[in-house]
Amino acid sequence: QRQGRSLEQVAFYRDFYRTKLRGFVDDTTQLEGVANAYEELGLYGHALNVQREVFTIHSQQNIEDLPSLLHLVRLYVQTGRPQEALETTAYMRRIRGFQESAAPVEIYEGRSYEALGRLSEAKSSYEKASSNSAYRMEAVGRLALMNAADDRCEEALPGLQELSTA
């Protein structure tokens, strides 16, 4: 049933939305729902395009919406665009209230740095994220996997043990 609703949202967007309507959009909630629907269907590139449209509308309206930007970052990461993800997180860091989004941003920055081969920066990001209980397991897991991939098993084991007892 949920997939059916997602398909309906996507079909409506595909059939009726045009960028020339951008100036008439006061509330991006429906567009964000379409981006979520595309994402639920595994169509990350389409989801990214819609979320970029949301960002464009927000920019025109001088709105800085951290959850919306975090969604954009997640889609950049999911579509293999680490540089764009990092540029967006740099922008997010300048927005009032950023601290509430810091831990997931650190995870996405870590993943982006990893994709770019900047491993020390990735590890630093994961270490920062691990201090937040909601993101600790993901951060510890990613650190452990990085250490294991570097044949640093002694450093990987504590993290893997922590994961196995969680």
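Note: the structure precedes this text.
The structure presented is a predicted model; accordingly, all values stated were derived computationally and were not measured. (Residues numbered from 1 in each chain as written. Predicted model: local features only at pLDDT ≥ 70, side-chain atom pairs only at ≥ 80, totals over all residues. Heavy atoms only, no water.)

**Some thoughts on helix α4 (residues 66–78)**
Argument step 1. When the terminal C-alpha atoms of α4 are compared, their 18 Å separation across 13 residues agrees well with the 18 Å that a helix rising 1.5 Å per residue should span.
Argument step 2. Counting buried residues in α4 gives 10 out of 13 residues, a clear majority hidden from the surface.
Argument step 3. Within the sequence span of α4, burial applies to Leu66, Ser68, Leu69, Leu70, His71, Leu72, Val73, Leu75, Tyr76 and Val77.
Argument step 4. Once α4 finishes, Gly80 follows within two positions and takes phi at roughly 70°, a positive value. (Helix = DSSP H or I, 4+ residues; strand = E, 2+ residues; numbered from the N terminus. Expected span 1.5 Å × (residues − 1). Buried < 20%, exposed > 50% of the residue type's maximum accessible area, 1.4 Å probe, protein only.)

**Re helix α3 (residues 44–60)**
Argument step 1. A rise of 1.5 Å per residue sets the reference length of α3, with its 17 residues, at 24 Å; its end C-alpha atoms lie 24 Å apart and thus fit the reference within 8%.
Argument step 2. Residues Ala47, Leu48, Val50, Gln51, Glu53, Val54, Ile57 and His58 constitute the buried set of α3.
Argument step 3. Of the residues trailing α3, Asn62 is marked for its positive phi of about 55°.

**Describing the pattern of salt bridges**
Argument step 1. All chains considered together, the criterion is met by nine salt bridges.
Argument step 2. The salt bridge involving Glu162 is made with Arg136; its shortest N-O contact spans 2.7 Å. With Glu162 in helix α9 (residues 153–165) and Arg136 in helix α8 (residues 136–149), the pair connects residues that are 26 residues apart, well separated along the chain.
Argument step 3. Taking the relative accessible area as the measure of exposure, Glu162 reaches 25% and is therefore partly exposed.
Argument step 4. Residue Arg136 is classed as partly exposed on the basis of its relative accessible area, which comes to 31%.
Argument step 5. With a closest N to O distance of 2.6 Å, Glu155 and Arg152 form a salt bridge.
Argument step 6. Sharing partners across several salt bridges, the network here consists of Lys123, Asp150, Arg152 and Glu155. (Salt bridge = Lys/Arg side-chain N within 4 Å of Asp/Glu carboxyl O.)

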